[in-house]
Amino acid sequence: MEVLKEDCSGCNQINCVINLYCDEEWRELIDKHKSTLQFPKGTRFITEGQNVQGIYIIHSGKVKVVKHLSKSTERIIRLAIDGNLVGHRGLHSDTYPISAISLTDITLAFIPKTVFLKILKTNHRLLFNMLRYFTNELRSSEEHMKRIIQLPVKNKVAYALLMCAQAFGIDEKTKCLSFPLSRKEISNIAASTYETTIRMLKKLEQENTIELLPKDIRIIDMDKVRFYSKTNYDES
């Protein structure tokens, strides 16, 4: 881990809640307490059950948020990108309810819990938009669980691809996922075995929905991917 000193005034992250909803006086207060951290790919910078120290804002990079289902099983529940918050679900808890792992080299802004809560109590604009953030995330989490519970395996694999496309985007020229998850990560999201996921990906390829490349996945028919991902999908 590398610790840097960067002020909010010099930050160009337009999706950051601090830049969006905090005036200069609040940013100056945050600058006195925040740290800018850099981690290499594969770093678990939040561990489920760890004491909550504060929240992280992704300045650059990609992150997977995971939840323990058992001692040996973790499930990817969210993908996060530039400007997203991580660790915020622990703001009113003693311990973090999730773990967070970097998918790429990342740069994070870390704000101590006491400082962020102090600002929330007095900055109503930030408080209101944090409420909206939590509400939207709760709705997304509920929809995610419905899909994982209700959809057939092939459709859950399609949903995992959709989740990746929505989080990280698709290359306009190649139609490939801008940042493809590993086959193992796709199987994790789909709550399926690795072998079954590989078979379902090949089925989607045979249907001309996707094309499997050595290190990429090309989305040929995004409408079909979205259709398969619907919770009211009827296989008949």
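Cut-offs applied
Residues numbered from 1 in each chain as written. Predicted model: local features only at pLDDT ≥ 70, side-chain atom pairs only at ≥ 80, totals over all residues. Heavy atoms only, no water. Buried < 20%, exposed > 50% of the residue type's maximum accessible area, 1.4 Å probe, protein only. Helix = DSSP H or I, 4+ residues; strand = E, 2+ residues; numbered from the N terminus. Pairing = 2+ DSSP bridges. Axes fitted to C-alpha atoms, helices over the stretch in contact; angles between N-to-C directions. Salt bridge = Lys/Arg side-chain N within 4 Å of Asp/Glu carboxyl O. 1 Å grid on protein atoms, 1.4 Å probe; cavity = no way out; pocket = protein on both sides within 12 Å on 5 of 7 lines; lining within 4 Å. Points joined across faces, edges and corners; volume = space filled by probe spheres on them. Nonpolar A, V, L, I, M, F, W, Y, C, P; charged D, E, K, R; others polar.

Participant: Go over the pairing of strand β4 (residues 54-60) with me, naming the residues and quoting the values.
Facilitator: Here is the key point about a regular strand: its side chains alternate between the two faces of the sheet. The buried count for β4 comes to five of seven residues, which makes it a mostly enclosed element. The sheet contact formed by β4 and strand β9 (residues 106-112) spans six bridges and is antiparallel. Within the sheet, the bridge partner assigned to S60 lies in β9 and is T107. Direction of pairing for β4 relative to strand β7 (residues 85-86): antiparallel, over a ladder of two bridges. Bridge assignment links I57 to a residue of β7, and that residue is L85.

Participant: Go over the sheet that holds strand β5 (residues 63-68) with me, naming the residues and quoting the values.
Facilitator: With antiparallel pairing, the four strands of this open sheet are ordered in space as β3-β8-β5-β6. Here the strands that pair on one side only, and so sit at the sheet edges, are β3 (44-46) and β6 (74-80). Sheet twist, expressed as the mean angle between neighbouring strand axes with direction ignored, is 35°. With four bridges connecting them, β5 and strand β8 (residues 99-102) associate as antiparallel partners. Paired with V63 across the strands is S102, a residue of β8.

Participant: I'd like a description of the pattern of salt bridges, backed by residues and values.
Facilitator: Within the structure shown, the criterion is met by 11 salt bridges. Between K64 and E185 there is a salt bridge, with the nearest N and O atoms lying 3.2 Å from each other. Remark: E185 occurs in helix α6 (residues 183-189) and K64 occurs in strand β5; sequence separation between them is 121 residues. As far as burial versus exposure is concerned, K64 and E185 are alike and both buried.

Participant: Quick one: what's the story with the layout of surface pockets, residue by residue and with numbers?
Facilitator: The volume enclosed by the largest pocket comes to roughly 960 Å³. If you trace the largest pocket, you find 35 residues lining it, with R78, L79, E137, S140 and S141 closest to the centre. By residue number, the principal contributor to the lining of the largest pocket is helix α4 (residues 124-150), which donates 14 residues. Here the residues of the lining of the largest pocket sort into 17 nonpolar, nine polar and nine charged. What lines the second largest pocket is K64, V66, E74, I76, I101, K184, E185, S187 and N188. Counting only elements with at least two residues in the lining of the second largest pocket, the list comes to β5, β6 and α6. Residue contributions to the lining of the second largest pocket peak at four residues, all from α6. Split by residue class, the lining of the second largest pocket holds three nonpolar, two polar and four charged.

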